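# Coordinate inspection notes
Below, each chain spelled out in residue letters.
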Protein chains: 2
Amino acid sequence: METPRSARRPRRPRETTRLGMALLGQPPLRNSFKPIEALSQDQLMAIHEASLTLLEETGIEFMGAAARQAFRKAGAAVEEATGLVRIPRELIAQGLKTAPSSFVLTPRNPARRLHIGENHVSFGLVAGPPNIHDAVAGRRSGNHEDYVSLIKLAQSFDIIHFIGNQPTAPIELPARTRHLDCYLANVTYSDRVYHCTSIGRNRALDGIDIMAISRGLTREQMIDDPGVLTIISVNSPRRFDEAMSDGLMAMSEHGQAVVVTPFTLMGAMTPVTMAAALTQQNAEALAGILLTQLTRPGAPVVYGAFTSNVDMRSGAPAFGTPENARATLAAGQLARLYNLPYRASNSSASNIVDAQAAYESEMSIWSSVMGHANLVYHGAGWMEGGLTASFEKIVLDVEMLQMMAETIKPMDVNPAEIAEGLAAIAAVPTGGHFFGAEHTLSRYETAFYTPLLSNWQNYENWELAGGLDATQRATQIWQKALEIYERPPLDPAIEEALAAFVARRKEELKNVDH
Amino acid sequence: METPRSARRPRRPRETTRLGMALLGQPPLRNSFKPIEALSQDQLMAIHEASLTLLEETGIEFMGAAARQAFRKAGAAVEEATGLVRIPRELIAQGLKTAPSSFVLTPRNPARRLHIGENHVSFGLVAGPPNIHDAVAGRRSGNHEDYVSLIKLAQSFDIIHFIGNQPTAPIELPARTRHLDCYLANVTYSDRVYHCTSIGRNRALDGIDIMAISRGLTREQMIDDPGVLTIISVNSPRRFDEAMSDGLMAMSEHGQAVVVTPFTLMGAMTPVTMAAALTQQNAEALAGILLTQLTRPGAPVVYGAFTSNVDMRSGAPAFGTPENARATLAAGQLARLYNLPYRASNSSASNIVDAQAAYESEMSIWSSVMGHANLVYHGAGWMEGGLTASFEKIVLDVEMLQMMAETIKPMDVNPAEIAEGLAAIAAVPTGGHFFGAEHTLSRYETAFYTPLLSNWQNYENWELAGGLDATQRATQIWQKALEIYERPPLDPAIEEALAAFVARRKEELKNVDH
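About the thresholds
- In this convention, every chain numbers its residues from 1, walking through the sequence in written order.
- In the order they appear in the text, chains get letters beginning with A and ligands get numbers beginning with 1.
- Given that the model is predicted, a residue must reach a pLDDT of at least 70 before its local features are reported, and side-chain atom pairs must reach 80 or more before they are shown or counted; all residues, however, enter totals for whole chains, interfaces and linings.
- Nonpolar cores are identified as sets of buried Ala, Val, Leu, Ile, Met, Phe, Trp, Tyr and Cys residues joined via C-beta atoms within 7 Å.
- To assign burial, the other C-beta atoms lying within 10 Å of each residue's own C-beta are counted, with C-beta atoms placed from the backbone; 20 or more indicates buried, 12 or fewer indicates exposed, and intermediate counts indicate partly exposed.
- It is the C-beta atoms, placed from the backbone, that decide contacts: two residues are in contact if theirs lie within 7 Å.
- Axis lines are fitted through C-alpha atoms, for helices just across the contact stretch, and the angle between N-to-C directions can take any value from 0 to 180 degrees.
- Runs of E in the DSSP output that reach at least two residues are strands. Runs of H or I that reach at least four are helices, and both are numbered from the N terminus.
- Comment on the angle field: the value is read as roughly parallel under 35 degrees, roughly antiparallel over 145, roughly perpendicular from 65 to 115, and oblique elsewhere.
- Note: crossing handedness is left-handed where the near helix turns anticlockwise from the far helix by less than a right angle, and right-handed where it turns clockwise.
- Note on residue categories: nonpolar means Ala, Val, Leu, Ile, Met, Phe, Trp, Tyr, Cys or Pro, charged means Asp, Glu, Lys or Arg, and polar means any other residue, Gly included.
- We place the copies in one frame by least squares, fitting the C-alpha atoms of every residue whose pLDDT is at least 70 in both.
- Pairing between strands requires that DSSP locate at least two bridges from one strand to the other.
- All domain edges in this entry derive from an automatic or database-based domain assignment.

## Digging into the nonpolar core
Counting residues in each nonpolar core, the largest one holds 332 residues, and the members touching the most others are Tyr303 and Leu396 of chain A together with Tyr303 and Leu396 of chain B. With residues up to four places along the chain from it excluded, the contact list for Tyr303 of chain A reads Ala285, Ile289, Leu334, Ala335, Tyr338, Leu340, Pro341, Tyr342 and Arg343 of chain A.

## What to know about the packing of helix α1 (residues 41–58) of chain A against helix α12 (residues 415–426) of chain B
A pair of packed helices is characterised by two quantities: the angle between their axes and the separation of those axes. At their nearest, the axes of α1 of chain A and α12 of chain B sit 11 Å apart, and the two run at 25 degrees to each other. Classed by the angle they form, the pair α1 of chain A and α12 of chain B counts as roughly parallel. For the pair α1 of chain A and α12 of chain B, the crossing hand works out as right-handed. Touching Ala46, Ala50, Thr53, Leu54 and Thr58 of chain A of α1 of chain A are Pro415, Ile418, Leu422, Ile425 and Ala426 of chain B, all from α12 of chain B. Considered class by class, the residues forming the contact of α1 of chain A with α12 of chain B number eight nonpolar, two polar and no charged.

## Considering the relation of the copies chain B and chain A
Its rotation angle being 180 degrees, the transformation that places chain B on chain A also includes 0.0 Å of axial translation and leaves an RMSD of 0.0 Å. Here the copies are linked by what is in effect a two-fold axis. Residues of chain B ranked by C-alpha distance from the rotation axis are headed by Ala355 of chain B, positioned 2.1 Å from it. Interface residue correspondence from chain B to chain A reaches 100%, placing this contact among same-surface, isologous pairings.

## Comments concerning the interface of chain B and chain A
Opposite the 102 residues of chain B that make contact, chain A presents 102 residues. Here the residues of the side of chain B that touches chain A sort into 58 nonpolar, 28 polar and 16 charged.

## Structural notes on the sheet that holds strand β2 (residues 77–79) of chain A
Here we have four strands laid out as an open sheet, ordered β2-β3-β1-β12 (chain A), and mixed in their pairing. The open sheet has two edge strands with one neighbour each: β2 and β12 (239–240) of chain A.

## Things to note about the environment of Phe448 of chain B
Locating Phe448 of chain B in the fold gives a position in the loop between α14 (444–447) and α15 (459–464). The sequence separation of Phe448 of chain B and Glu406 of chain B amounts to 42 residues, and the corresponding C-alpha distance is 9.0 Å. Residues within four places of Phe448 of chain B in sequence aside, it is in contact with Asn309, Met312, Thr321 and Glu323 of chain A.

## Some details on the pairing of strand β18 (residues 342–345) of chain B
Residue and element names in this part refer to chain B. The two faces of β18 match: Tyr342 and Ala344 on one face and Arg343 and Ser345 on the other face are all buried. Pairing geometry for β18 and strand β19 (residues 375–380), over three bridges, is parallel. Each residue of the ladder has a partner; that of Ser345, found in β19, is Tyr377.

## Quick notes on the domain arrangement of chain A
Taken domain by domain, chain A comprises domain 1 (27–410 + 449–514) and domain 2 (415–447). For domain 1 of chain A and domain 2 of chain A, the distance between their C-alpha centroids amounts to 44 Å.

## What to know about the sheet that holds strand β7 (residues 131–134) of chain B
Residues and elements named next belong to chain B. The sheet built from four strands is open, its strands ordered β8-β7-β21-β20 with mixed pairing. Each edge of the open sheet is held by one strand with a lone partner, namely β8 (138–141) and β20 (382–383). Judged from the four bridges that link them, β7 and β8 form a sheet pairing that is antiparallel. Bridging from a neighbouring strand, Asp134 pairs with Gly138 of β8.

Dropping the structure here:
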């Protein structure tokens, strides 16, 4: 626990926007609780040792020649025919020595700087879905207009700290240059850290350049002052494809943050046991983490985990399950063993914004935060196991994340608060109430979390007001948020430079076959 | 963590009922995780000390003469005019010495015995609501038919370990003898531990007698082999009414379990600060706990907490809030400081079984379980801040509780599992899958939690199957559960004895003014 704030410190009223949203979760957000540990120290070390054995004896396939060359140069055994790289444990230990335990990412608005590591927590917007859903227009394919709306929603809620990889795919735009439109929207409609798509080098470099321009920096100046991140997904089991390792190396070369995340659904991409899944996940993550450090010692890197399970009857992926929660807690222990920042996710398999969506997400939010994840990817808006970005789910998740942010604050319990409390208790008769007490009146505005979505009316008033459920109220809230949205200020010269860069790159990419 | 099960131990297939429900959560259910601590040791001791000061200097009102007499006899300062009892800290310390750190409650089916204390967790059916709701018949006042259905549902799910106080009030029955009909239904339609209504001595004793008859014991034989529990609600701030303290004393005299629970909504029944609320809650709980020990040293007693907050704009009670979660974690630390079993709750203020109901309940389930609550009251079915018992909410809660039970199991990570896992990983080519692997096939039936309510179909199949949300699916599940419900076997002689007892007591109570 941190030192309690003095009870004498003047309380400023909580700032709110016109929507009445608490400005809760502005960075830096810190977790004052100790992590939950699912594994004993013996179990943790056994998984660590087994994954080193897996790396040494069985190996990981790297399809990219550049990655294989880096491993060969460092002393790993590389089998060109199969692409298998067998990594001595000393090499892993060496890579872990240079990887930083925490780092800072700075976007164009320095107030939205993210500290990644220690007990900091940052939540991201949903990333990657091909589809969009809202209760008004229904389910549809991703498109640029919805993309922009999603970025605007992220900008509307302080608890959404960063923009993940393409919250939806604007599929009507040319695939070759779509990433440019996305980065431009990210940096125009929000002022937050965002994700670079690391499918090959070029998409990554374009993302770095656009962030650099928005900050008035060059790509080189960003090397020691990073502002973007990427997720490197492992094609589990034990495979990094070429586009991924090239993207990883481009990001690390330029000092930007890489999150190495094996996609390890137990029963499909790993064996069904937790022992095997964690071993495999750990080996895959360590291989990618080592590659960042071979590329540039000291490059910011995050231990990513996404171990969940499939439905063994159908093979369908499941999220927010007990297995997902347990693996998330355990993976946090592995990240801390290596003194690395840790990434987990808020996930759900529900096809609709209902009670299932809420409880699966709460399972993953609690296990992520209590597992001391520093980055919670897909923090808001992820539905259908990642196939759909949902406007209502964003609102639901924002409420759940804000509640968690309030839960993990330090407890305001100290001698002054206790003394004032004792006096307040003694001043009210037995069986009485504290509504009108001076102690209450001087504190009531900021005493408790003010909900965004929860309805606490009694049944009769709730029914008179229309009897809306949480999902119906969420529709009203995102509609209002878009209505009152304001673009974060951006220097017109920078805006011009961004437009010019995007125009030039689109021209250059016209005839590139990639 | 406990010793991992041997990987070589033969796996028996998970037993399921015809509904496909996992028999998950059969007692004893244990929590293998360490508790989350919200308070530092200094903060914890400061609250402890302040509550002792409150007890010594300000005092607690006991409206009951019998309670005041017990305190006076023990050496507390009793002010007859106001009913205020001021309790020296030495007396509290003495009471805590005789209170057991754990105990066992045995109902008529010994397989449903509850261990209360240490790292055991037991979940209860919703208790106390005047109203009933289901999606078919809507909202209505409590009645005996619905009462019986609720008991049948509790009996249908192994994760519901005990029956709380009147899951709904059968208001068409005479108030004077209603408790007898309720106890009879509890013991007929379920075989679980139940709650005795401790409004005065007689209702408590009738509950003890009915449990005794169902077990073939006398009331006296139950003294050292208890089978029922009660909640003693404090009329906060600082008041125990006469019926409550009389009920408490009747239960303790007969060796039955008493859960002392201050009802401390911050902003209404306590000051708004956590420091004050925890201090007051702790003082009130300690006063009631001491009374159990003054009544019968060694009587089973539980530290109860129900600290949440009100909506400061309307005064409406709120549950499953961040404040509720933080107080629940902190209260667990106080209970452990006193080496007492701990009771918390699963609660929500939502008026409907929607996403809010799910996330508020998850906030309280996670904080209860991670705060190491031994009894989670209102575990399944609590809606509208306790005003309504919901059939759909029971199903939703059962799913969430089962998921939590699966989450807190020991991790099956040990050298044998790891070795088999390494071999299984090495046997699958990079980028391949594990669906058909022998390692998978030999384990897949029991590898993962099988959900009751969650739907993991893909969007298209889900839509084809009717596109039902979780609440609509919950309706189907409770309907099916009632359809296939079977009464737990009961010796006809015992059934007759129960009927005779109830008939006699109804006759006796006809003319009692009570």
